[in-house]
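Residue strings, one per chain:
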Amino acid sequence: MHEESLVRSLLHQVEELARQHHATEVEDIEVEIGPLSGVESLLVQEAFERLKDGCKWPNCTLTITPVGLMVFCNQCSEESELFDFQFICTHCGSTSLRILSGDAFRLLNVRMQIESAG
Ligand SMILES: [Zn+2]
């Protein structure tokens, strides 16, 4: 499953971070899911619940932050937030747009406990 492999690599990424920071515990993992990412929040949550039992921190939680679909207009240089997947600038009606956010599934933040020195 698509979401399961995403969560699997996410956990690997977090494991790597935790190792680098000598974390004793990972408490929360925050990810961003955009409407164009092709990733279902619900399926990510489910996959996380399934996979976290096998990881080093079975008590950690997953926070999913939904992000809007933001675009930059090449015509009028304004930014718009699109809601209905119609790729039209809300300022001038141009369809020459560049996606600023909303097409990604990515790690935003990891809250962990770091071993105190001494
Ligand atoms: Zn425009």
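Note that this is a predicted model, so its numbers are computed, not measured.

Chemist: Help me understand the confidence of the model for the protein, please; the structure alone is not making it clear to me.
Modeler: Detailed reading of the predicted model is not advised wherever pLDDT is low. The predicted model of the protein has a mean per-residue pLDDT of 93, with 97% of residues at 70 or higher. Within the protein, the element-level pLDDT minimum falls on helix 1 (residues 2-20), averaging 94, and the maximum on strand 3 (residues 69-73), averaging 96.

Chemist: Whenever I open this one, a nonpolar patch on the surface confuses me. Can you help?
Modeler: The grouping of Leu36, Phe85, Phe87 and Ile99 at the surface amounts to a nonpolar patch, some 310 Å² of accessible area in total. In this structure, leucine 36 sits in the loop between strand 1 (23-33) and helix 2 (41-52). Look at leucine 36 and you get partly exposed, because its relative accessible area is 31%.

Chemist: What is the right way to read unusual backbone geometry from this model?
Modeler: The bulk of non-glycine residues show a negative phi, and the bulk of peptide bonds are trans. Here the phi dihedral of histidine 22 falls at roughly 55°; this positive angle occurs in a residue that is not glycine. Positionally, histidine 22 belongs in the loop between helix 1 and strand 1. A positive phi is found at serine 77, a non-glycine position, where the angle reads about 60°. Mapped onto the secondary structure, serine 77 falls in the loop between strand 3 and strand 4 (79-82). Note on serine 77: relative accessible area 48%, which makes it partly exposed.

Thresholds applied
- Residues numbered from 1 in each chain as written.
- Predicted model: local features only at pLDDT ≥ 70, side-chain atom pairs only at ≥ 80, totals over all residues.
- Heavy atoms only, no water.
- pLDDT = per-residue confidence, 0-100.
- Helix = DSSP H or I, 4+ residues; strand = E, 2+ residues; numbered from the N terminus.
- Patch = residues over 30% accessible without salt bridge, like charges linked within 9 Å, V, L, I, M, F, W, Y side chains within 5 Å.
- Areas by Shrake-Rupley, 256 points an atom, 1.4 Å probe, with all protein chains shown as cover.
- Salt bridge = Lys/Arg side-chain N within 4 Å of Asp/Glu carboxyl O.
- Buried < 20%, exposed > 50% of the residue type's maximum accessible area, 1.4 Å probe, protein only.

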